[in-house]
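Each chain, written out:
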Amino acid sequence: MKGTKRIITLFALVTAISFLSSAQEIKKEIPLKYGATNEGKRQDQAMQKFRDNRLGAFIHWGLYAIPGGEWNGKVYGGAAEWLKSWAKVPSDEWMKLMDQWNPTKFDAKKWAKMAKEMGVKYIKITTKHHEGFCLWPSKYSKYTVANTPYKKDVLGEMVKAYNDEGIDVHFYFSVMDWSHPDYRYSIKSVEDSIAFNRFLEFTDNQLKELATRYPTVKDFWFDGTWDASIKKNGWWTAHAEQMLKEMLPGVTINSRLRADDKGKRHFDSNGRLMGDYESGYERRLPDPVKDLKVTQWDWEACMTIPENQWGYHKDWSLSYVKTPIEVIDRIVHAVSMGGNMVVNFGPQADGDFRPEEKELAKAIGKWMSRYGEAVYACDYAGFDKQGWGYYTRGKNGEVYMVVFNQPYSGHLTVKTPKDISVEKASLLGTGEEIQVVETARNEYNVSVPKKNPGEPYVIQLKVRAAKGTKGIYRDALT
Ligand code: H79
């Protein structure tokens, strides 16, 4: 008996100690100088605008558009903007492409009109990709548009033209720069460290130059930040974010820039998002059922039309090319989970867009002009996902059903969250009233439109917070 008591006391003690120590572990914050700076989602106007825009387009344009994936007679299937790397071309040789930079068909106004017609609210432009060629006449590099036959500041023309159409301009900027002798992939010696510090100063200068020359820029989207050299210099990523925010009030910065004191990227060592929005969803999306954690922070995904081509590649037959409906599906999918989607375009070296991209932009624009109400300024609706498509929620609480899969049953199942009931349903665009039948507590059959629209369509639901439920809908006692 005594022995048993002692064992019980010992057990209680061990349990108490392990409970206390695990409680302490939960609380333990790792002190960080260069971790997250925001508490939760930013709620200022600039961030709300970023979020409400929802649909953006990427422009990948640089010297890589000239060879278009082919070097010395060999076509490389990898991403065209990485050709220098696939074909192992030394930088000085690659930069000779500058002599051929003469995009005579480039017309920024036309580009902006195309984006407007597509329904994009913002454009992300590669100011400088990994190759190091600058689309603006940077005074810190000789590899710029100014030193080409074309000479013109194409970035400046784009900023003006897009802004004139009411489209926000975001700058893509690759920190990794294959053209700069001081860039280091890792820091292995004092010399590396000195060179890399010079490189970071050069990068600061270019960023300051961009922010000063083009003060209407709304966002910086950093790339090429995964190397050990940058992870070791988390301080610099925090500094660059702060510097741009001081220069450009309201500017938004992507998480990909950031590394903390310990080299942890995107999310700091305490699990908090760094920068203003998560930018890890590249050519992929969260799982629409399992990954709802993403609704806790702002995020933006980006996608290519072929499998993995950002810059212009002459042969799109090498991988699957997405259809407009597949692209629209991804746009709506992102919004249904509280994110933005950026669709990529890789203009040709002559300054025109390939026909496939023009057609895609038109098709998306056509759909957005009819159903954009379910995309712009919309958010995660909080309804359980069903097989027919995605829900989004508008600013005034209206819920949209974006239907991609037309059902044989003739109706769409809707399961509402607790206390929410469906009052009315109508087809967006025509206003046709749609029949709603309540089938169980928090469950409805919503009819499909009388005439099949023949394209993904949107049903708008008017919903209401229900009063106490009784009677037939009473929960079973189990
Ligand atoms: O600009 C577009 C791409 O060029 C760029 N980001 C988008 C927006 C990008 N794509 N992939 N990556 C950046 C990361 C690439 C990693 C890899 Fe590699 C390139 C894996 C293999 C080759 C670098 C070199 C990492 C490992 C070896």
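Structural notes, computed from the coordinates. (Residues numbered from 1 in each chain as written. Predicted model: local features only at pLDDT ≥ 70, side-chain atom pairs only at ≥ 80, totals over all residues. Heavy atoms only, no water.)

1. Quick notes on unusual backbone geometry
For the record, the criterion: Strands here mean DSSP runs of E at least two residues long; helices mean DSSP runs of H or I at least four residues long; both are numbered from the N terminus. Buried means the residue's accessible area, taken with a 1.4 Å probe over protein chains only, is under 20% of the maximum for its type, while exposed means over 50%, and partly exposed covers the values in between.
One non-glycine residue with positive phi stands out, namely Arg-54, at about 60 degrees. Tracing the sequence through the fold places Arg-54 in the loop between α2 (45-53) and β1 (55-59). Residue Arg-54 is classed as buried on the basis of its relative accessible area, which comes to 1%. Positive phi outside glycine occurs at Asn-72, with the angle close to 50 degrees. In this structure, Asn-72 sits in the loop between β2 (70-71) and β3 (74-75).

2. Topic: the site of the ligand
In plain terms, the rule: A single heavy atom is enough: if one lies within 4 Å of a molecule or strand, its residue is considered near that molecule or strand. By the criterion applied in these results, polar contacts are pairs of N or O atoms within 3.5 Å in which, for protein atoms, one can donate a hydrogen and the other can accept it, and in which residues neighboring in sequence qualify only through two side-chain atoms. Just so you know the grouping, Ala, Val, Leu, Ile, Met, Phe, Trp, Tyr, Cys and Pro go in nonpolar, Asp, Glu, Lys and Arg go in charged, and all remaining residues, Gly too, go in polar.
Looking at the ligand, the residues that line it are His-60, Glu-81, Trp-82, Trp-86, His-129, Tyr-172, Trp-221, Asp-223, Trp-226, Glu-282 and Trp-310. One of the side-chain nitrogen or oxygen atoms of Asp-223 is found 2.7 Å away from a nitrogen atom of the ligand. Take Glu-282: an N or O atom from its side chain is 3.1 Å from a nitrogen atom of the ligand. Classifying every residue of the shell around the ligand by side-chain character gives six nonpolar, two polar and three charged.

3. Some words on the sheet that holds strand β11 (residues 399-403)
Quick reminder of the rule: Here, any two strands with at least 2 DSSP bridges between them count as paired. Here a residue-residue contact requires only that any non-hydrogen atoms of the pair lie within 4.5 Å. Axis definition: a line fitted to C-alpha atoms, over the contacting stretch in the case of helices. Angles run 0 to 180 degrees between N-to-C directions.
Reading across from one edge, β10-β11-β17-β13-β14 is the order of the five strands in this open sheet, with antiparallel pairing throughout. For this open sheet the edge positions go to β10 (389-393) and β14 (433-434), each flanked by a neighbour on one side alone. Summarising the sheet, strand β13 (residues 420-427) and β14 pair through two bridges and their orientation is antiparallel. Across the sheet, the residue bridging to Ala-425 is Ile-434, located in β14. Those strands touched by helix α10 (residues 324-336) are β10 and β11, and its axis lies near 50 degrees from that of β10.

4. Section: the side chain of Glu-398
To keep it simple, the criterion reads: In this tally, Asp and Glu contribute negative charge and Lys and Arg positive charge; neither His nor the terminal groups of the chain are included. Note on definitions: salt bridges are taken to be side-chain nitrogens of Lys or Arg within 4 Å of carboxyl oxygens of Asp or Glu.
You can see Glu-398 is positioned in the loop between β10 and β11. The buried charged residue Glu-398 lacks any salt bridge, with Arg-393 as its nearest oppositely charged partner at 7.5 Å. Side chain to side chain, Glu-398 and Tyr-400 meet in a polar contact 3.4 Å long. Excluding its chain neighbours within four sequence positions, the residues that come into contact with Glu-398 are Thr-392, Arg-393, Gln-460 and Leu-461.

5. With respect to the packing of helix α7 (residues 190-213) against helix α9 (residues 234-247)
Our working definition: Under this scheme an angle from 65 to 115 degrees is roughly perpendicular, one under 35 degrees roughly parallel, and one over 145 degrees roughly antiparallel; angles in between are oblique. Note on convention: the crossing is left-handed when the near helix lies turned anticlockwise from the far helix by less than a right angle, right-handed when the turn is clockwise.
Running from amino to carboxyl end, α7 crosses α9 at an angle of 20 degrees, the nearest separation of the two axes being 10 Å. The angle between α7 and α9 falls in the class roughly parallel. Considering the relative orientation of α7 and α9, their crossing is right-handed. Contact residues: α7 offers Asn-197, Leu-200, Thr-203, Asp-204, Leu-207, Lys-208, Ala-211 and Thr-212, while α9 offers Trp-235, Trp-236, His-239, Ala-240, Met-243, Leu-244 and Met-247. When its residues are assigned to classes, the contact of α7 with α9 shows nine nonpolar, four polar and two charged.

6. Thoughts on the packing of aromatic side chains
As a reminder of what qualifies: Pairing of aromatic side chains requires ring centres within 6.5 Å, counting the rings of Phe and Tyr and the six-membered ring of Trp. Pairs whose planes differ by under 30 degrees are stacked, by over 60 edge-to-face, and all others tilted.
For the structure shown, the criterion picks out 32 aromatic pairs. Ring geometry for Phe-50 versus Tyr-122: centroids 6.1 Å apart, planes at 35 degrees, classification tilted. Of the two residues, Phe-50 sits in helix α2 while Tyr-122 sits in strand β4 (residues 122-128), which places them 72 residues apart along the sequence. The exposure classification of Phe-50 matches that of Tyr-122, with both residues buried. Put simply, the rings of Trp-61, Trp-101, Phe-106, Trp-111, Phe-133, Phe-345 and Phe-353 touch in pairs and so form one group of aromatic residues.

7. Quick look at the sheet that holds strand β6 (residues 219-223)
Spatial ordering of the open sheet is given by β7-β6-β5-β4-β1-β9-β8, a layout of seven strands whose pairing is parallel. If you trace the sheet from one side to the other, it starts and ends with β7 (252-253) and β8 (299-303), each paired once. As defined by bridge partners, β1 adjoins strand β9 (residues 339-345) across five bridges and the pair is classed as parallel. Note that in β9 the partner of Leu-55 across the bridge is Met-341.

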